[in-house]
Each structure stands twice: as C-alpha cells, then as structure tokens.
Amino acid sequence: MSNNTLKPITSMSIHKGWVKLIKQTALQNNLDIDHYFSQLDASSDQPDVRDVRAILHQMTQDSGDPLFPVQASMHINPLTFGCFSLTLWTAPNLMQMLKDACKYSVAIGSPIRLRFHETPQGDAELWIINHEPLNKESHITYSGVTLYISAILQMIHQTTEFSLHDIQIKLIQWPYDNHLCAEFEQKTQCQISLGSPIRKICIRRQHLFTPLSTSDPELYPVTHLLLRQHAAEIENTDIVLQVYKALDDMPSLTDISGQNIAAKMLISIRTLNRRLADVGTSYRGVVEKYKLEKALQLLNQPNVNMTEIAFQLGFSDLSTFSRAFKRWTGSSPSHSTLR
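Small disclaimer: the values here were computed from a predicted structure and weren't measured.

## Quick word on the overall build of the chain
Argument step 1. The helix and strand tally for the chain stands at 16 helices and five strands.
Argument step 2. By principal-axis analysis of the C-alpha atoms, the chain measures approximately 55 × 45 × 45 Å.
Argument step 3. Buried positions account for 53% of the 339 residues belonging to the chain.
Argument step 4. For the chain, the share of sequence-separated contacts (at least 6 apart) that also reach a separation of at least 24 residues comes to 71%.
Argument step 5. When the accessible surface of the chain is totalled, it reaches about 15500 Å², and 50% of it is carbon and sulfur.
Argument step 6. Where the 31 positive side-chain charges of the chain centre and where its 32 negative ones centre are 6 Å apart.

What follows is the structure, encoded as structure tokens:
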C-alpha cells in the first residue's frame, strides 16, 4: 500500500480516490479531463473538497446526465480509498463494515461524516452528516452528497448480495427532477423515502450479521490497524471535530459561547473563527449541527421526553427548541421520532 493513502487529510481536503472516480467517469463520457482539472494542483495529495465538488457539478452539467455522480460511484474498488475501502471490503460481516465506515469516515474527507445509529428495533442507520451550514447547501453540495451516498451503497452492494428492497435511503428532499428518483433507485439498488430530518442509509436487522463475500480474516486486522491510526491523525487536525469534542466535554450546553469553547481548545476566539471560516463554516453553524445531531440521537430513543431534551441541549423551553429544530430540518421534533 502506498504512503500516499496514509497522509492526513486536513481542513476541507478529501481523499484523492474521489478525484480518480470522477476522472474515470469523465473519460467514460468523453469529457476533457485537463479542461476541468487544470486549476487543481496535480501534485497535492489533499485536494480541496470545494474545488472537487465544483468540478463534479460542472461535469454533471456538461455530461447531460444529472446522475453523473452515481456513474462515478460505479468505479469503486477495494483500493479506491486505500486502507479505508480495504478495511470495509475485508470486514467479517455487514454490521462491522457499517460501524467501521462510520467510525473512520473522517479518513475519506470532510465536510461529510457518517454516524452509526441503531434503532430500538435493532435496524442500522448510517446518518449522512454534512458539516456545511444548514442554509448553505446548493446544487454543488447535492452533487457531492449524491456521490458520497452512492459510493457507500456501492461498497455495500459489492460485498453483499442485497436486492432492491433491502436498503432504504431516507432523504430530507429529492434535489433533482422527480422522474430521476426511480432511475436513482434502480442504479443504486435501494428504495427512497422523503421527509426525513436527516439523510440516512437504513438496513434491516436481519441482514446485519450477514458475512461479507469479500471477508478476509487475515487482511482485516492489518488494514483496520492502519485505518485506526490514520483516522486518529486526521481527527487531531480537524477543527470541526475539535469543536465537537470540546462541546462533548462541556457540563452543560446552556451557557456555552465561542469564547469558552476557544479557551477549552487553548486558542483565541479570533483563531477559532478564522479556522472555521477556512473550512466554510462558523462557530454558530457548527453548534447548530452539533445540537441537531444530539437532538436526533435523543429523539430516537424510547420514551422520549422532549422537554427534557430541550433543556439538555441548552434551550430555555420546549417551544424554543421546537422552533430551532423546525428551522434546521423543516419538521417538528415530534414528527422526526416517526421518521
């Protein structure tokens, strides 16, 4: 395995595997790669996600195929993302694969992360967390998110024998023309439902301990160790994850401020704001994403007390929490417990 796959990904950089997927699909569609990538530093092992997403969106438009990102995901193989993809391919069963994908998703680049959630019924959910501000998503964002979701689905399908009805994708909204929804379902072998407060890949309990057809009990421990070390290096340099850790360590979210979070991180508030701006977000944006994730975790627990959740998240009362949640997701907290 080359050393390039083990260099830390920082700030808004992503794994070069994404660039390879896009280039392969460009060639398939007779697009001039040099035209699109001339401004991208070919020598860099850490391409900026904003540049790559812009290129992906432009190629999608020029190809005439809105599902160009889905095409790109079809080129994934066990070596696309180095030790990350190889660990997933060689995992003993689907449950372990999904947990590894979420625990180490930082290894293939920000601003998207995966979070593993197990429902009260024992089903698995992979939450697609986009660290960009909630009100800043665009068609460029949708292209990147579509590629990400399709890539995860491809890795699942290439290591299992799932059919169209075995995986469900829950989306906030469908960002493309309605007629493309059925085509997406067919190409990615999944079913789509809309109205979820967060993007999710959902797999039923009965499939979770299915052994992977690609499992390798000798290779898996080796690649898993490399991946764990690689992810730890990245987490130490990722400013959003550092803020999350500082928030996790706070005794209460009631009186948090940028000043005390920066102090906990041993940096100035000015440095914190600058570093967050460098990755396209802000302190307020990160805190809102953090509270949304925490709210969704708590709301998906049995015997939910929404007033208690509101106070845990630092809101003065339930109505304030409900208004914030609706601003974040477009739905009420009580509605999200059913989604």
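## Here we look at the sheet that holds strand 1 (residues 112-118)
Argument step 1. Judged by pairing direction, the sheet is mixed, and its five strands sit side by side in the order 1-2-5-3-4 without closing on themselves. The open sheet is flanked by strand 1 and strand 4 (191-194), the only strands paired with a single partner. In this sheet, adjacent strand axes meet at a mean angle of 20° when their direction is disregarded.
Argument step 2. Of the pairings in the sheet, the one linking strand 2 (residues 124-130) to strand 5 (residues 199-203) comprises five bridges and is antiparallel in character. Counted as the bridge partner of W127 is K200 from strand 5.
Argument step 3. In this fold helix 7 (residues 139-159) packs onto strand 1, strand 2, strand 3 (167-171) and strand 5, with an angle of close to 10° to the strand it touches most, strand 5.

## Regarding helix 3 (residues 49-63)
Argument step 1. For helix 3, spanning 15 residues, the distance from its first C-alpha to its last is 21 Å, which sits close to the expected 21 Å at 1.5 Å a residue.
Argument step 2. The set of residues buried in helix 3 consists of V49, V52, R53, I55, L56, H57, M59 and T60.
Argument step 3. Contact partners of the buried residues in helix 3: helix 1 (16-28), helix 2 (33-37), helix 4 (68-73), strand 1, strand 2 and helix 7.
Argument step 4. At the N-terminal end of helix 3, a side-chain oxygen is found 2.7 Å from the backbone nitrogen of R50, two or three residues along, and the residue is D48.
Argument step 5. The first or second residue beyond helix 3 is G64, which carries a positive phi of 80°.

The rules behind these values
Residues numbered from 1 in each chain as written. Predicted model: local features only at pLDDT ≥ 70, side-chain atom pairs only at ≥ 80, totals over all residues. Heavy atoms only, no water. Helix = DSSP H or I, 4+ residues; strand = E, 2+ residues; numbered from the N terminus. Buried < 20%, exposed > 50% of the residue type's maximum accessible area, 1.4 Å probe, protein only. Contact = heavy atoms within 4.5 Å. Areas by Shrake-Rupley, 256 points an atom, 1.4 Å probe, with all protein chains shown as cover. Lys, Arg positive; Asp, Glu negative; His and termini not counted. Charge placed at Lys NZ, Arg CZ, Asp CG, Glu CD. Pairing = 2+ DSSP bridges. Axes fitted to C-alpha atoms, helices over the stretch in contact; angles between N-to-C directions. Expected span 1.5 Å × (residues − 1). Polar contact = N/O pair within 3.5 Å; in protein donor to acceptor, adjacent residues only side chain to side chain.

All we've got here are geometric facts, nothing functional implied.
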